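Chain residues, written in single-letter form:
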Amino acid sequence: MAKSIKGSIPHVLLMLYLLAILFPFLFVIFSSFKQDNNEIALNPFGLPSTWVFNNYVEAWVNAKIGTYFWNSMYISVLSSVGTIILGAMFAFAITRMRHRKWSMFLYSLILAGMLIPNNALMLPIYLLVRKLGILDTHLALIIPYVANAIPFTIIILAAFMRSLPGEIEEAAVMDGLRAPGIFARIVIPLTVPAIVTVFIVNFLGNWNEFLLANYFLSTDKLRTLPVGMVQFRDQYQMNYAQMSAGIVYSVVPVVVIYAILQEKIIEGVTAGSVKG
(Lines give C-alpha, C1' and ligand atoms only; values in the text may rest on other atoms or scores of the structure.)
Protein backbone atom coordinates (compact mmCIF):
# COMPACT_ATOMS: atom_id res chain seq x y z
CA MET A 1 0.00 0.00 0.00
CA ALA A 2 2.78 2.39 0.96
CA LYS A 3 4.65 1.52 -2.25
CA SER A 4 1.55 2.20 -4.32
CA ILE A 5 1.03 5.62 -2.71
CA LYS A 6 4.70 6.48 -3.09
CA GLY A 7 4.64 5.49 -6.76
CA SER A 8 1.58 7.60 -7.49
CA ILE A 9 3.05 10.81 -6.02
CA PRO A 10 5.07 11.70 -9.16
CA HIS A 11 1.96 11.21 -11.33
CA VAL A 12 -0.11 13.43 -9.05
CA LEU A 13 2.56 16.12 -9.12
CA LEU A 14 2.74 15.94 -12.91
CA MET A 15 -1.03 16.27 -13.17
CA LEU A 16 -1.00 19.32 -10.90
CA TYR A 17 1.80 20.80 -12.99
CA LEU A 18 -0.20 20.15 -16.17
CA LEU A 19 -3.27 21.83 -14.70
CA ALA A 20 -1.18 24.84 -13.63
CA ILE A 21 0.00 25.19 -17.24
CA LEU A 22 -3.36 24.61 -18.93
CA PHE A 23 -5.43 26.79 -16.58
CA PRO A 24 -4.22 30.23 -17.78
CA PHE A 25 -4.25 29.03 -21.39
CA LEU A 26 -7.90 27.91 -21.12
CA PHE A 27 -8.74 31.18 -19.37
CA VAL A 28 -7.36 33.16 -22.33
CA ILE A 29 -9.17 30.96 -24.88
CA PHE A 30 -12.53 31.30 -23.14
CA SER A 31 -12.03 35.05 -22.67
CA SER A 32 -11.29 35.49 -26.38
CA PHE A 33 -14.82 34.29 -27.24
CA LYS A 34 -16.69 36.43 -24.70
CA GLN A 35 -18.71 39.51 -25.59
CA ASP A 36 -17.07 42.23 -23.53
CA ASN A 37 -15.16 43.11 -20.38
CA ASN A 38 -18.23 42.81 -18.18
CA GLU A 39 -18.71 39.15 -19.02
CA ILE A 40 -15.02 38.46 -18.39
CA ALA A 41 -15.22 40.24 -15.01
CA LEU A 42 -18.46 38.57 -13.90
CA ASN A 43 -17.62 35.10 -15.20
CA PRO A 44 -13.82 34.98 -15.54
CA PHE A 45 -13.39 31.19 -15.50
CA GLY A 46 -16.63 30.02 -17.08
CA LEU A 47 -17.63 29.31 -20.64
CA PRO A 48 -18.87 32.24 -22.79
CA SER A 49 -22.61 32.81 -22.71
CA THR A 50 -22.40 33.53 -26.45
CA TRP A 51 -19.40 32.49 -28.52
CA VAL A 52 -18.18 35.66 -30.27
CA PHE A 53 -15.90 34.62 -33.14
CA ASN A 54 -15.73 38.19 -34.43
CA ASN A 55 -13.07 38.99 -31.81
CA TYR A 56 -10.57 37.01 -33.87
CA VAL A 57 -11.53 38.85 -37.06
CA GLU A 58 -11.18 42.23 -35.38
CA ALA A 59 -7.80 41.31 -33.89
CA TRP A 60 -6.49 39.88 -37.18
CA VAL A 61 -7.58 42.75 -39.45
CA ASN A 62 -8.12 45.94 -37.46
CA ALA A 63 -5.33 45.40 -34.92
CA LYS A 64 -2.94 44.24 -37.69
CA ILE A 65 -2.21 40.97 -35.93
CA GLY A 66 -2.24 39.31 -39.36
CA THR A 67 0.60 41.55 -40.58
CA TYR A 68 2.66 40.98 -37.45
CA PHE A 69 1.97 37.23 -37.60
CA TRP A 70 3.29 36.81 -41.15
CA ASN A 71 6.29 39.03 -40.42
CA SER A 72 7.23 36.77 -37.53
CA MET A 73 6.63 33.64 -39.59
CA TYR A 74 8.76 34.90 -42.48
CA ILE A 75 11.64 36.08 -40.29
CA SER A 76 11.60 32.98 -38.06
CA VAL A 77 11.57 30.49 -40.94
CA LEU A 78 14.20 32.31 -43.00
CA SER A 79 16.50 32.75 -40.01
CA SER A 80 16.15 29.11 -38.98
CA VAL A 81 16.86 27.84 -42.49
CA GLY A 82 19.90 30.11 -42.83
CA THR A 83 21.20 28.93 -39.47
CA ILE A 84 20.88 25.28 -40.48
CA ILE A 85 22.68 25.81 -43.80
CA LEU A 86 25.65 27.60 -42.22
CA GLY A 87 25.70 25.46 -39.09
CA ALA A 88 25.56 22.17 -41.01
CA MET A 89 28.45 23.17 -43.28
CA PHE A 90 30.58 24.29 -40.33
CA ALA A 91 29.73 21.17 -38.30
CA PHE A 92 30.66 18.94 -41.25
CA ALA A 93 33.96 20.79 -41.66
CA ILE A 94 35.10 20.55 -38.02
CA THR A 95 34.07 16.90 -37.70
CA ARG A 96 35.94 15.87 -40.85
CA MET A 97 39.10 17.96 -40.49
CA ARG A 98 42.34 16.02 -40.65
CA HIS A 99 44.02 18.24 -38.04
CA ARG A 100 42.27 17.35 -34.80
CA LYS A 101 43.85 20.22 -32.84
CA TRP A 102 42.43 22.81 -35.21
CA SER A 103 39.08 21.06 -35.10
CA MET A 104 38.99 21.15 -31.29
CA PHE A 105 40.14 24.78 -31.27
CA LEU A 106 37.32 25.86 -33.58
CA TYR A 107 34.80 23.78 -31.64
CA SER A 108 35.96 25.36 -28.36
CA LEU A 109 35.68 28.79 -29.95
CA ILE A 110 32.06 28.06 -30.82
CA LEU A 111 31.39 26.87 -27.26
CA ALA A 112 32.94 30.07 -25.91
CA GLY A 113 30.47 32.06 -27.97
CA MET A 114 27.61 30.59 -25.93
CA LEU A 115 29.08 31.98 -22.72
CA ILE A 116 28.45 35.59 -23.75
CA PRO A 117 25.00 36.83 -22.61
CA ASN A 118 22.85 38.11 -25.45
CA ASN A 119 22.04 41.29 -23.52
CA ALA A 120 25.75 42.17 -23.45
CA LEU A 121 25.77 42.11 -27.25
CA MET A 122 22.83 44.46 -27.75
CA LEU A 123 24.89 47.63 -28.21
CA PRO A 124 27.54 46.09 -30.52
CA ILE A 125 24.85 44.50 -32.64
CA TYR A 126 22.93 47.77 -32.88
CA LEU A 127 26.04 49.69 -33.94
CA LEU A 128 26.89 47.02 -36.52
CA VAL A 129 23.37 46.96 -37.93
CA ARG A 130 23.28 50.75 -38.16
CA LYS A 131 26.67 50.84 -39.87
CA LEU A 132 25.53 48.25 -42.41
CA GLY A 133 22.55 50.46 -43.25
CA ILE A 134 19.95 47.77 -42.56
CA LEU A 135 18.37 49.29 -39.47
CA ASP A 136 14.55 49.16 -39.58
CA THR A 137 14.58 46.30 -42.09
CA HIS A 138 13.97 42.60 -41.59
CA LEU A 139 17.65 41.93 -42.28
CA ALA A 140 18.38 43.73 -39.02
CA LEU A 141 16.75 40.78 -37.27
CA ILE A 142 17.57 37.90 -39.61
CA ILE A 143 21.36 38.36 -39.47
CA PRO A 144 21.58 38.58 -35.63
CA TYR A 145 19.13 35.68 -35.25
CA VAL A 146 21.30 33.49 -37.48
CA ALA A 147 24.49 34.53 -35.67
CA ASN A 148 23.01 33.94 -32.20
CA ALA A 149 21.74 30.46 -33.08
CA ILE A 150 24.92 29.25 -34.84
CA PRO A 151 26.72 27.92 -31.69
CA PHE A 152 23.79 25.77 -30.51
CA THR A 153 23.19 24.51 -34.04
CA ILE A 154 26.82 23.52 -34.55
CA ILE A 155 27.03 21.73 -31.21
CA ILE A 156 23.96 19.57 -31.92
CA LEU A 157 24.79 18.84 -35.56
CA ALA A 158 28.49 18.19 -34.91
CA ALA A 159 27.67 15.73 -32.14
CA PHE A 160 25.26 13.91 -34.44
CA MET A 161 27.66 13.89 -37.41
CA ARG A 162 30.45 12.39 -35.29
CA SER A 163 28.21 9.41 -34.61
CA LEU A 164 27.72 8.59 -38.30
CA PRO A 165 29.60 5.46 -39.46
CA GLY A 166 32.77 6.37 -41.33
CA GLU A 167 32.36 3.35 -43.61
CA ILE A 168 29.49 5.05 -45.41
CA GLU A 169 31.62 8.02 -46.37
CA GLU A 170 34.52 5.77 -47.34
CA ALA A 171 32.23 3.89 -49.70
CA ALA A 172 31.05 7.21 -51.16
CA VAL A 173 34.66 8.24 -51.78
CA MET A 174 35.28 4.94 -53.54
CA ASP A 175 32.30 5.72 -55.77
CA GLY A 176 33.91 9.02 -56.76
CA LEU A 177 32.11 11.49 -54.50
CA ARG A 178 34.04 14.48 -53.20
CA ALA A 179 33.41 16.43 -49.99
CA PRO A 180 30.47 18.53 -51.34
CA GLY A 181 28.76 15.42 -52.69
CA ILE A 182 29.31 13.49 -49.46
CA PHE A 183 27.90 16.40 -47.48
CA ALA A 184 24.81 16.91 -49.65
CA ARG A 185 23.98 13.30 -50.56
CA ILE A 186 25.19 11.30 -47.55
CA VAL A 187 25.61 13.36 -44.39
CA ILE A 188 22.61 15.70 -44.66
CA PRO A 189 20.00 12.93 -45.22
CA LEU A 190 21.40 10.98 -42.26
CA THR A 191 21.38 14.09 -40.05
CA VAL A 192 17.72 14.94 -40.64
CA PRO A 193 16.60 14.14 -37.02
CA ALA A 194 19.12 16.60 -35.60
CA ILE A 195 18.31 19.16 -38.30
CA VAL A 196 14.61 18.98 -37.44
CA THR A 197 15.44 19.50 -33.78
CA VAL A 198 17.61 22.58 -34.27
CA PHE A 199 15.12 24.03 -36.75
CA ILE A 200 12.27 23.76 -34.25
CA VAL A 201 14.28 25.13 -31.32
CA ASN A 202 15.65 28.03 -33.38
CA PHE A 203 12.24 28.78 -34.88
CA LEU A 204 10.62 29.01 -31.46
CA GLY A 205 13.43 31.21 -30.17
CA ASN A 206 13.10 33.57 -33.14
CA TRP A 207 9.30 33.57 -32.90
CA ASN A 208 9.34 34.68 -29.25
CA GLU A 209 12.26 37.14 -29.48
CA PHE A 210 11.31 40.63 -28.35
CA LEU A 211 14.29 42.86 -27.52
CA LEU A 212 15.98 43.05 -30.92
CA ALA A 213 12.65 43.30 -32.73
CA ASN A 214 11.57 46.12 -30.44
CA TYR A 215 14.74 48.18 -30.80
CA PHE A 216 15.65 47.53 -34.43
CA LEU A 217 12.24 47.94 -36.09
CA SER A 218 10.34 51.21 -35.89
CA THR A 219 8.08 50.94 -38.96
CA ASP A 220 4.73 49.49 -37.90
CA LYS A 221 4.23 47.25 -40.95
CA LEU A 222 7.61 45.58 -40.34
CA ARG A 223 7.06 44.69 -36.69
CA THR A 224 6.95 41.11 -35.45
CA LEU A 225 4.17 39.55 -33.42
CA PRO A 226 5.69 39.96 -29.91
CA VAL A 227 6.25 43.69 -30.52
CA GLY A 228 2.87 44.01 -32.19
CA MET A 229 1.19 42.44 -29.17
CA VAL A 230 2.64 45.17 -26.93
CA GLN A 231 1.24 47.82 -29.29
CA PHE A 232 -2.05 45.92 -29.33
CA ARG A 233 -2.17 45.98 -25.54
CA ASP A 234 -1.56 49.72 -25.41
CA GLN A 235 -4.16 50.45 -28.08
CA TYR A 236 -6.84 47.96 -27.03
CA GLN A 237 -6.22 47.80 -23.30
CA MET A 238 -9.96 48.21 -22.56
CA ASN A 239 -11.06 45.36 -24.82
CA TYR A 240 -9.78 42.25 -23.07
CA ALA A 241 -11.69 39.88 -25.33
CA GLN A 242 -9.82 41.07 -28.42
CA MET A 243 -6.59 41.14 -26.45
CA SER A 244 -7.14 37.49 -25.58
CA ALA A 245 -7.77 36.69 -29.24
CA GLY A 246 -4.44 38.30 -30.12
CA ILE A 247 -2.69 36.26 -27.44
CA VAL A 248 -4.20 33.07 -28.86
CA TYR A 249 -2.85 33.97 -32.30
CA SER A 250 0.65 34.35 -30.84
CA VAL A 251 0.55 31.13 -28.83
CA VAL A 252 -1.15 28.68 -31.19
CA PRO A 253 1.79 28.13 -33.62
CA VAL A 254 4.13 27.37 -30.71
CA VAL A 255 1.66 24.95 -29.11
CA VAL A 256 1.00 23.19 -32.42
CA ILE A 257 4.71 22.74 -33.15
CA TYR A 258 5.39 21.37 -29.68
CA ALA A 259 2.37 19.07 -29.77
CA ILE A 260 3.24 17.57 -33.16
CA LEU A 261 7.03 17.48 -33.00
CA GLN A 262 7.88 17.26 -29.29
CA GLU A 263 9.20 13.71 -29.68
CA LYS A 264 11.61 14.81 -32.42
CA ILE A 265 12.84 17.69 -30.27
CA ILE A 266 13.66 15.38 -27.36
CA GLU A 267 15.03 12.65 -29.63
CA GLY A 268 17.36 14.97 -31.49
CA VAL A 269 18.72 16.71 -28.39
CA THR A 270 19.29 13.48 -26.44
CA ALA A 271 20.75 11.65 -29.44
CA GLY A 272 23.21 14.44 -30.09
CA SER A 273 24.29 14.66 -26.46
CA VAL A 274 24.73 10.93 -26.02
CA LYS A 275 26.34 10.11 -29.34
CA GLY A 276 28.67 13.08 -29.24
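Conventions and cut-offs
- Residues numbered from 1 in each chain as written.
- Predicted model: local features only at pLDDT ≥ 70, side-chain atom pairs only at ≥ 80, totals over all residues.
- Heavy atoms only, no water.
- Axes fitted to C-alpha atoms, helices over the stretch in contact; angles between N-to-C directions.
- Helix = DSSP H or I, 4+ residues; strand = E, 2+ residues; numbered from the N terminus.
- Parallel < 35°, antiparallel > 145°, perpendicular 65-115°, else oblique.
- Left-handed = near helix turned anticlockwise from the far one by under 90°.
- Contact = heavy atoms within 4.5 Å.
- Nonpolar A, V, L, I, M, F, W, Y, C, P; charged D, E, K, R; others polar.
- UniProt positions renumbered as here; feature names shortened; annotations may be inferred.
- Salt bridge = Lys/Arg side-chain N within 4 Å of Asp/Glu carboxyl O.
- Buried < 20%, exposed > 50% of the residue type's maximum accessible area, 1.4 Å probe, protein only.
- Polar contact = N/O pair within 3.5 Å; in protein donor to acceptor, adjacent residues only side chain to side chain.
- Core = buried A, V, L, I, M, F, W, Y, C linked by side-chain atoms within 4.5 Å.
- Phe/Tyr/Trp six-rings, centres within 6.5 Å; stacked < 30°, edge-to-face > 60°.
- Lys NZ or Arg CZ within 6 Å of the ring centre and 35° of its normal.

Chemist: Can you walk me through the packing of helix H5 (residues 100–113) against helix H7 (residues 139–162) in this structure?
Modeler: Each pair of packed helices can be summarised by the angle the axes make with each other and by the distance between the axes. It is at 9 Å that the axes of H5 and H7 come closest, and there the two elements cross at 140 degrees. The angle between H5 and H7 falls in the class oblique. When you trace H5 past H7, the crossing you get is left-handed. Where H5 approaches H7, its residues Tyr107, Ile110 and Leu111 are matched on the opposing element by Pro151, Ile154, Ile155, Ala158 and Arg162. Here the residues of the contact of H5 with H7 are counted per class, giving 7 nonpolar, no polar and 1 charged.

Chemist: Looking at this structure, how should I read the UniProt feature "transmembrane region" (unreviewed entry) in the protein chain?
Modeler: Annotation from UniProt places "transmembrane region" (unreviewed entry) at residues 12–33, 73–93, 105–127, 139–161, 182–204 and 240–261. Overall, residues 12–33 shows 95% helix and 0% strand. The separation of its end C-alpha atoms is 31 Å. Annotation note: span residues 105–127, helix share 65%, strand share 0%, distance between end C-alpha atoms 29 Å.

Chemist: It is not clear to me how the pattern of salt bridges should be interpreted in this structure. Could you clarify?
Modeler: As a working rule, side chains carrying opposite charge can pair if their charged atoms are close by. Using the criterion set out here, one finds 2 salt bridges in the structure. Note that Asp220 is salt-bridged to Lys64, the shortest N-O span being 3.0 Å. Of the two residues, Asp220 is situated in the loop between helix H11 (211–216) and helix H12 (225–235) and Lys64 in the loop between helix H3 (54–61) and helix H4 (65–96); the sequence distance between them amounts to 156 residues. Judged by relative accessible area, Asp220 falls into the partly exposed class, the value being 23%. The partner of Arg223 in a salt bridge is Asp220, with the nearest N and O atoms 3.1 Å apart.

Chemist: Would you explain the side chain of Thr95 in this entry?
Modeler: With respect to the helices, strands and loops of the structure, Thr95 is situated in helix H4. Polar contacts involving the side chain of Thr95 include one to the main-chain carbonyl oxygen of Ala91, which spans 2.7 Å. Setting aside chain neighbours within four positions, we find Thr95 in contact with Ala158, Met161 and Arg162.

Chemist: What exactly am I supposed to notice about the nonpolar core here?
Modeler: Side chains of a nonpolar character, in soluble globular proteins, are inclined to be buried together. The biggest cluster of nonpolar side chains holds 40 residues, and the ones touching the most others in it are Leu141, Leu157, Met161 and Phe216. Among the secondary structure elements, those contributing two or more residues to this core are H4, H5, helix H6 (122–132), H7, helix H9 (179–190), helix H10 (192–208) and H11. If we ignore the near neighbours within four places in the chain, the residues touching Leu141 are Ile75, Leu212, Ala213, Phe216, Leu217 and Thr224. Counting 18 residues, the second largest nonpolar core, distinct from the first, contains Phe33, Ile65, Met229 and Ala245.

Chemist: For this particular structure, what's the right way to read unusual backbone geometry?
Modeler: Look at Asp136: it is not a glycine, yet its phi comes out positive at around 65 degrees. Topologically, Asp136 is positioned in the loop between H6 and H7.

Chemist: Before we go on, may I ask you to explain the packing of aromatic side chains in this structure?
Modeler: Across all of its chains, the model carries 14 aromatic pairs by this definition. With 5.3 Å between their ring centres and 35 degrees between their planes, Phe23 and Phe45 make a pair best called tilted. Placement of Phe23 in helix H1 (residues 2–32) and of Phe45 in the loop between helix H2 (37–42) and H3 is noted, with a sequence separation of 22 residues between them. Note on Phe27 and Phe45: the rings are 5.8 Å apart at their centroids and 50 degrees apart in plane angle, and the pair reads as tilted. Of this pair, Phe27 sits in helix H1 while Phe45 sits in the loop between H2 and H3, placing them 18 residues apart in sequence. Phe27 gets classed as partly exposed once you look at its relative accessible area, which sits at 29%. Assessed through its relative accessible area of 56%, Phe45 is described here as exposed. Here the aromatic residues Phe33, Trp51, Phe53, Tyr56, Trp60, Phe69, Trp70, Phe199, Phe203, Trp207 and Tyr249 are joined through ring pairs into a cluster of three or more. In this arrangement the basic side chain of Arg162 is found over the ring face of Tyr107, its NZ or CZ atom lying 4.7 Å from the centre.

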